[in-house]
Amino acid sequence: MNTYNKHYDVIVVGAGHAGCEAALAAARIGCETLIVTINLDTIAKMSCNPAIGGLAKGHLVKEIDALGGEMAKNIDKTGIQFRRLNTKKGPAVRSSRAQADKKAYQDEMKRVLETQPKLDIKQVLVEELLVEDGRCIGILSQTKTAYFAETVILTTGTFLKGTIHIGDVSYSAGRAGEASAEKLSESFLNLGFEIGRLKTGTPPRVNAQTVDFSQMEIQPGDDDPLPFSFTTEEITQPQLPCYLTYTNERTHDIIRDNLHRSAMYSGRIVGIGPRYCPSIEDKVVRFSEKKEHQVFVEPEGRDTDEIYLNGISASLPEDVQVEMVLSIKGLENAEIMRFGYAVEYDFAPATQLQPTLETKKVHGLYFAGQLNGTTGYEEAAAQGLMAGVNAALKVKGEKPLVLDRAQAYIGVLIDDLVTLDIREPYRMFTSRAEYRLALREDNADLRLTEIGRRIGLVDDDRYHQFERKAADIQTELTRLQGTLLKPTALSRGELPSPVEENILKTGALKQPTSLADLLKRPELRYEHITEIAPPTKILPTAVKEQVEIQIKYDGYIQRQQRQIHQFKKLENFRIPDTFDYASVRGLKTEAREKLAKIRPNSIGQASRLPGVSPADISILTVILHQQRAT
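First things first, this report covers the structure right here in the doc. The structure displayed is predicted, hence computed values, not measured ones. (Residues numbered from 1 in each chain as written. Predicted model: local features only at pLDDT ≥ 70, side-chain atom pairs only at ≥ 80, totals over all residues. Heavy atoms only, no water.)

1. A closer look at the overall build of the protein
Put simply, the rule is: To qualify as a helix, a DSSP run of H or I must reach at least 4 residues; to qualify as a strand, a run of E must reach at least 2; elements of each kind are numbered from the N terminus. As defined in this context, the radius of gyration uses C-alpha atoms, and a globule is described by 2.2 Å times the residue total to the power 0.38. To sort residues, take the accessible area from a 1.4 Å probe on protein chains only and compare it with the maximum for the residue type: under 20% means buried, over 50% means exposed, and anything in between is partly exposed. Whether two residues touch is decided by their heavy atoms; if any such pair falls within 4.5 Å, the residues are in contact.
Summing up its helical and strand segments, the protein has 19 helices and 25 strands in all. Whereas a compact globule of 630 residues would reach a radius of gyration of roughly 25 Å, the protein reaches 26 Å, a difference of no more than 12%. For the protein, the spread of C-alpha atoms along the three principal axes comes to 85 × 75 × 50 Å. Expressed as a percentage of its 630 residues, the buried residues of the protein come to 56%. For the protein, the proportion of contacts with a sequence separation of at least 24, taken over those separated by at least 6, is 72%.

2. Topic: unusual backbone geometry
Leave glycine aside and you will find that most residues have negative phi; peptide bonds, for their part, are mostly trans. The phi torsion at Ala44 lies on the positive side, around 55°, for a residue other than glycine. If you trace the backbone, Ala44 turns up in the loop between strand S3 (33-37) and strand S4 (51-53). Residue class for Ala44 comes out buried when judged on its relative accessible area of 0%.

3. What to know about the pairing of strand S11 (residues 163-166)
Quick reminder of the rule: Any two strands between which DSSP finds at least two bridges are classified as paired.
As paired elements, S11 and strand S20 (residues 341-347) share three bridges and run antiparallel to each other. Of the residues in S20, the one forming a bridge with Thr163 is Glu344. Taken together, the four bridges between S11 and strand S12 (residues 169-172) define a ladder with antiparallel strand orientation. Paired with His165 across the bridge in S12 is Ser170. Between the end of S11 and the start of S12, which pair antiparallel, lie two residues, with Gly167 showing a positive phi angle near 65°.

4. Details of the pairing of S3
Every other side chain in a regular strand lies on the same face of the sheet, so the side chains alternate between the two faces. For clarity, the threshold we go by: Orient the strands so they point away from the viewer; a crossover is then right-handed if the path from the first strand over the helix to the second runs clockwise.
Within S3, five of the five residues are buried, which leaves it mostly tucked inside the rest of the structure. Two strands pair when backbone bridges link them, and strand S2 (residues 8-13) and S3 are joined in this way by four bridges, in the parallel orientation. Within the sheet, the bridge partner assigned to Val12 lies in S3 and is Ile35. One crossover worth recording links S2 to the parallel S3 by way of helix H1 (residues 17-29), and it is right-handed. Direction of pairing for S3 relative to strand S7 (residues 119-123): parallel, over a ladder of five bridges. Considered in S7, the bridge of Leu34 is made with Asp120.

5. A look at the packing of aromatic side chains
Each pair of aromatic rings is reported with the distance of its centres and the angle of its planes. Short version of the rule: Here a Phe, Tyr or Trp ring, Trp counted by its six-membered ring, pairs with any other such ring whose centre lies within 6.5 Å, and the pair is stacked when the planes are under 30 degrees apart, edge-to-face when over 60, and tilted otherwise. Note on criteria: charge over ring means Lys NZ or Arg CZ within 6 Å of the ring centre, with the direction from the centre no more than 35 degrees off the ring normal.
Evaluated as defined, the whole model comprises 10 aromatic pairs. Aromatic rings pair up to connect Tyr4, Tyr8 and Tyr147 into one cluster. The ring of Phe230 carries the charged tip of Lys62 above its face, separated from the ring centre by 5.1 Å. Over the aromatic face of Tyr426 sits the side chain of Arg432, whose NZ or CZ is 4.2 Å from the ring centroid.

6. Some thoughts on the side chain of Gln560
Operational definition: We define a polar contact as two N or O atoms separated by no more than 3.5 Å, with the added condition that, inside protein, one atom must be a possible hydrogen donor and the other a possible acceptor, whereas residues neighbouring each other in sequence contribute only through side-chain atom pairs.
Relative to the elements of secondary structure, Gln560 occurs in helix H16 (residues 554-571). Only 2.9 Å separates the side chain of Gln560 from the backbone nitrogen of Leu437, close enough to count as a polar contact. Setting aside residues no more than four positions away along its own chain, Gln560 makes contact with Glu434, Tyr435, Arg436, Leu437 and Ala438.

7. Focus: the pattern of salt bridges
So the rule is basically this: For salt bridges, the criterion is a side-chain nitrogen of Lys or Arg within 4 Å of an Asp or Glu carboxyl oxygen.
Overall, the coordinates contain 45 salt bridges when judged by the stated rule. A salt bridge links Asp65 to Arg462, with the shortest nitrogen-to-oxygen separation between them at 3.2 Å. Placement of Asp65 in helix H2 (residues 57-67) and of Arg462 in helix H12 (residues 460-482) is noted, with a sequence separation of 397 residues between them. Judged by relative accessible area, Asp65 falls into the buried class, the value being 0%.

8. Topic: the sheet that holds strand S15 (residues 217-219)
Rules: As a rule, the C-alpha atoms of each element are fitted with a line to give its axis, helices using only the stretch in contact, and angles between N-to-C directions run from 0 to 180 degrees.
Spatial ordering of the open sheet is given by S15-S16-S17-S18-S14-S19, a layout of six strands whose pairing is antiparallel. Edge positions in the sheet fall to S15 and strand S19 (336-338), since each has one partner strand and no second. Adjacent strand axes in the sheet meet at a mean angle of 35°, parallel and antiparallel pairs treated alike. In this sheet, strand S18 (residues 306-310) lies alongside strand S14 (residues 205-207) in antiparallel orientation, the contact comprising three bridges. Each bridged residue has a counterpart across the sheet, and for Asn207 the counterpart in S18 is Glu306.

9. Observations concerning the packing of H12 against helix H15 (residues 541-552)
Here is the rule we go by: Roughly parallel refers to an angle under 35 degrees, roughly antiparallel to one over 145, roughly perpendicular to one between 65 and 115, and oblique to any angle outside these ranges. Crossing handedness is defined as follows: a turn of the near helix away from the far one that is anticlockwise and smaller than a right angle gives a left-handed crossing, while the clockwise case is right-handed. Any residue that is not Ala, Val, Leu, Ile, Met, Phe, Trp, Tyr, Cys, Pro, Asp, Glu, Lys or Arg is counted as polar, Gly included; the first ten are nonpolar and the last four charged.
The geometry of H12 relative to H15 is characterised by a closest axis approach of 9 Å and an angle of 45° between their N-to-C directions. When the interaxial angle is binned, H12 and H15 end up oblique. Both H12 and H15 take part in a crossing whose hand is right-handed. Here Lys469, Asp472, Ile473, Glu476, Leu477 and Leu480 of H12 come into contact with H15, specifically with Ala542, Val543, Gln546, Val547, Gln550 and Ile551. Taken together, the residues of the contact of H12 with H15 break down into seven nonpolar, two polar and three charged.

10. A word on the sheet that holds S11
On the basis of which strands lie adjacent, the open sheet formed by four strands has the order S12-S11-S20-S13 and antiparallel pairing. The open sheet is flanked by S12 and strand S13 (196-202), the only strands paired with a single partner. Across this sheet, the average inter-strand angle for adjacent strands is 25°, counted without regard to direction. Taken together, the seven bridges between S13 and S20 define a ladder with antiparallel strand orientation. Directly across from Lys199, in S20, lies its bridge partner Glu344.

11. A look at helix H8 (residues 318-326)
Given 3.6 residues per helical turn, the α-helix brings residues three or four places apart onto the same face. The cut-off we apply is this: It is the directions from the helix axis to the C-beta atoms that the arc portrays.
Those residues of H8 not exposed but buried are Val320, Gln321, Met324 and Val325. Taken end-on, H8 shows its buried residues confined to a sector of 130°, consistent with a single buried face. Buried residues belonging to H8 abut S11, S14, helix H6 (249-257), helix H7 (280-286), S18 and S19.

12. Regarding the side chain of Asn310
Relative to the helices and strands, Asn310 is located in strand S18. Not counting the four nearest positions on each side in its chain, Asn310 is found in contact with Asn49, Arg97, Gln294, Val295, Phe296 and Glu298.

13. A short note on helix H9 (residues 377-395)
Note the following rule: Take the number of residues in a helix, subtract one, and multiply by 1.5 Å to get its expected span.
Relative to the 27 Å expected for 19 residues at 1.5 Å per residue, H9 spans 27 Å between its end C-alpha atoms, a close match to the ideal helical length. Phi turns positive one or two residues past the end of H9, at Gly397, with a value near 75°.

14. Thoughts on the environment of Ile254
Position of Ile254 relative to the elements: it lies in helix H6. What makes Ile254 buried here is its relative accessible area of 4%. Linking Ile254 and Met324, residues 70 residues apart in sequence, is a C-alpha distance of 6.3 Å. Beyond its immediate sequence surroundings of up to four residues, Ile254 is in contact with Val320, Glu323, Met324 and Ser327.

15. Considerations on a negative patch on the surface
Put simply, the rule is: Any residue with relative accessible area above 30% and no salt bridge may belong to a patch, with like charges joined within 9 Å and the nonpolar Val, Leu, Ile, Met, Phe, Trp and Tyr side chains within 5 Å. A 1.4 Å probe and the Shrake-Rupley method give the accessible areas. Residues count as covered only by the protein chains that appear here. This count recognises Lys and Arg as positive and Asp and Glu as negative, with His and chain-terminal groups excluded. The atom standing in for a charge is NZ when the residue is Lys, CZ when it is Arg, CG when it is Asp and CD when it is Glu.
On the surface, a cluster of negative charge is contributed by Asp223, Asp224, Glu233 and Glu234. Positionally, Asp223 belongs in the loop between S15 and strand S16 (242-246).

What follows is the structure in structure tokens.
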């Protein structure tokens, strides 16, 4: 065994979206960091849909940015279409999404990694974890070179014993055309970790020159695209359109007639697939009453003719995929450039982790990304960022960072993973967040930038920009709350509308009313208020949006803050690490087993464990109170 001549603070294994965020975070906090990957040309590769964000996922990207991560800035630079979703709904569920130029996104992230101080990058296939006295001290490569470090972060994606399935053909690969990591799973098992098997998939890609877009519904980007990063002033690059078409009865007949040849339905695949992103075979079987399914036709970049057929992920044989694609409107002459496939891979259930993402069995070892059972670039990047931060803070001997469910979607994500014993690919939704009105996209910087500053990921320029924004918001809120209109100012209930360019009707004032109370009227927007009493200076759009939301939803936000206060009480009621659940009389057997396995760090976390009832929590609370009293 050879020993590499440099000792690192942090080693990151894997350079997907989790690995990139982990390595950048650790290096930016000041740790000597190494990131290793099987292939340097596939750093930050989008192996599935070339897009960032979406419902709830956009929230994660904004939070990553607020904490000082890279994903938002990278998509702002390389996006080819930007859209804001759910704009007609409340602010809690509005989300951002962008199509990426797949190759440009990779190249830009690789450039960022290559130019980051304190970060080394190497092409290495890892075969073994080096552990001594219960602590991970490094990694061993395929070429038998040992790299030593204080901490190690694994972000292996779909590469642990990855197996690709196309019809009745299966072969070892982490992604199409890329080798899998075959021996690292054995190292996990030897260390006593539990390993499971999951499945994901990808659809065929077709040549744009063979697609008849005129038969499809065009889906343009937003006229005034909203950036992901709070540091990006505007999106200036031109946008490309996407298109929408549909499967039909003929498509479904082709799939039904060949289900026995599908890798998933023939029994070749044992891993559990993502519930909320099913393959087209699964859609046709599970939703047999549906006559059609959407197919989003999305370009993979500005300088390629490759088109991604979002919505028809498949593990069918290649000849069936050809017949299926040709049956779809607008794709009658389409030439498939890459066939769809399913990929199975090993994962480690995240209940084996602390909320810091450090493993319980081995100190100094962290897991992040699909290894923990998640699906999606955004979920992976969020975990990578947190693992990188906590590994760096551990090296520095500082207190770890754990975000709770009332602070961030990232907190919801990680708490779910380490608490719920999830056995299928986990995807973030707004419905998973109990306090989603407080965890909006628009206020991610207000919630998390101070934390990013404290841990060392937010530099002076970024922080001063944030301070100016926060000050502008508070100044304008104070002005609106403190400025009273007399009844004569709106005696007829009419005022100019800057949006419709006509007269807007609203109730006449009967008594002095603050501008803030006037803005609470459903028919009025912030622009209407400024027609009556403009601010002393021109305010950025983000400031105006924040002011309007905080005033219009003030009652709901205050109610949610009261709920959060109660939540914090339970989260702050800590359970000692050494607490003996077996000694507590009255706990149900299932509850005792779950509590002993997960070892929750608070009464709040214990209350979210499946199988632990309110009665169990009451008993546990009483015992802990008694112990504290003595």
